[in-house]
Amino acid sequence: MLNKIKALLQEVEQLKASNAEELEALRIKYLSKKGEIFLLMNEFRNVAADQKREVGIFLNELKETTQNKINEIKEGFNNAQVSLDEIDLTRTAYPVSMGTRHPLSIVKKEICDIFGRLGFSIAEGPEIEDDWHVFSSLNFADDHPARDMQDTFFIQHNPEIVLRTHTSSVQTRVMEKQEPPIRIICPGRVYRNEAISYRAHCFFHQVEALYIDKDVSFADLKQALIFFAKEMFGPETNIRLRPSYFPFTEPSAEMDISCNLCGGKGCPFCKHTGWVEILGCGMVHPNVLENCGIDSKVYSGYALGMGIERITNLKYQVKDLRLFSENDIRFLRQFESAN
Ligand code: DAH
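Quick summary incoming for the structure in this document. The shown structure was predicted, so the numbers you read here are calculated from the model rather than taken from an experiment.

Conventions and cut-offs
- Residues numbered from 1 in each chain as written.
- Predicted model: local features only at pLDDT ≥ 70, side-chain atom pairs only at ≥ 80, totals over all residues.
- Heavy atoms only, no water.
- Salt bridge = Lys/Arg side-chain N within 4 Å of Asp/Glu carboxyl O.
- Helix = DSSP H or I, 4+ residues; strand = E, 2+ residues; numbered from the N terminus.
- Buried < 20%, exposed > 50% of the residue type's maximum accessible area, 1.4 Å probe, protein only.
- Pairing = 2+ DSSP bridges.

Moving on to the pattern of salt bridges. Within the structure shown, the criterion is met by 15 salt bridges. For Lys69, the salt bridge is made with Glu72, and the minimal N-O distance between the two is 3.6 Å. Within this pair, Lys69 and its partner Glu72 are both found in helix H4 (residues 52–79), separated by three residues, close to a single helical turn. Between Arg322 and Asp320 there is a salt bridge, with the nearest N and O atoms lying 2.9 Å from each other. Taken together, the shared-partner salt bridges connect Arg240, Arg242, Glu254, Asp256 and Glu277 into one network.

With respect to burial, strand E5 (residues 182–191) is a largely interior element, eight of its ten residues being buried. Bridge analysis of strand E1 (residues 121–122) against E5 gives two bridges, and the strand direction is parallel. Paired with Ser121 across the strands is Ile184, a residue of E5. Strand direction decides the pairing type here: E5 and strand E6 (residues 203–213), joined by ten bridges, are antiparallel. Considered in E6, the bridge of Pro187 is made with Val207.

Here's what the structure looks like:
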């Protein structure tokens with residue numbers, strides 16, 4: 001019996017079939033209930049007890065090899081190329097449903113394009129940052145509340161590593177490496193430890209702009225802001241600057257634009273003031289320049305930062321921030337035409 005099994009083993013290794021019927025015939029010949037291997041299995045009970053072990057091993061091997069061989073041939077058929085005359089080249093293609101750009105991506109691109117026209121180039125930095133780039137280099141005092149656990153996500157057990165709370169961290173990364181003139185726009189995701197609601201999320205997106213050169217003045221900043229506001233929200237848009245405070249700029253300001261829903265007359269959206277706040281800005285603090293190895297007596301610069309969600313809300317009146325991260329197709333599809 002052993003010889004018979006060994007002969008069969010050799011035989012099945014040479015098996016060939018050129019189509020599915022032939023293959024099925026082979027399967028029946030070897031593996032069906034009346035097939036060769038099954039018959040051997042039946043005979044197995046007559047094998048002398050002291051040979052059972054050896055014969056059993058070979059018999060199993062035969063069964064496995066045959067099964068594998070048949071599968072292998074079958075796969076070969078599946079992978080074989082379909083001949084050209086089996087393809088109908090005139091048949092209409094299946095419609096491919098195209099995705100749409102995310103509203104935040106649309107607005108991010110628009111902001112970057114506008115600053116691109118002013119000569120700014122895109123710079124990016126890591127979302128997992130160190131304390132130096134997010135806070136210390138930007139002139140945050142050690143006890144500044146923004147460093148607080150309530151605002152900042154820290155990486156466990158390491159107070160030096162944080163999820164960046166603003167894209168201002170990219171400013172210092174670039175200033176450390178590059179000599180002025182620097183003219184960059186830095187879009188990216190930021191994280192803050194906020195309870196999620198319709199008006200706050202634990203992550204959102206910002207765009208930061210930075211311009212460092214000799215003799216950069218507040219007038220240059222204002223000119224860039226006016227250009228941006230009119231390009232983004234239309235030529236009739238007005239801006240106003242209110243004094244503010246940021247550790248990394250001095251003087252600092254917040255910019256409002258005339259409400260683009262009511263044209264400045266007053267409506268619920270602008271809380272009847274006619275103005276809506278859109279960004280923070282200012283002249284880069286000399287300490288920040290020095291922290292990054294730039295001589296503050298030679299160079300000056302301005303910086304500004306804005307939330308992309310906020311600008312998107314103004315453009316598209318999205319009432320609930322959570323919609324931006326829920327991947328609801330019904331919401332996202334509405335921006336199809338804005339592609
Ligand atoms: N980093 C600020 C924030 O997250 C935004 C900001 C304000 C950026 C003023 C600036 C700036 O560059 O000059 O709220």
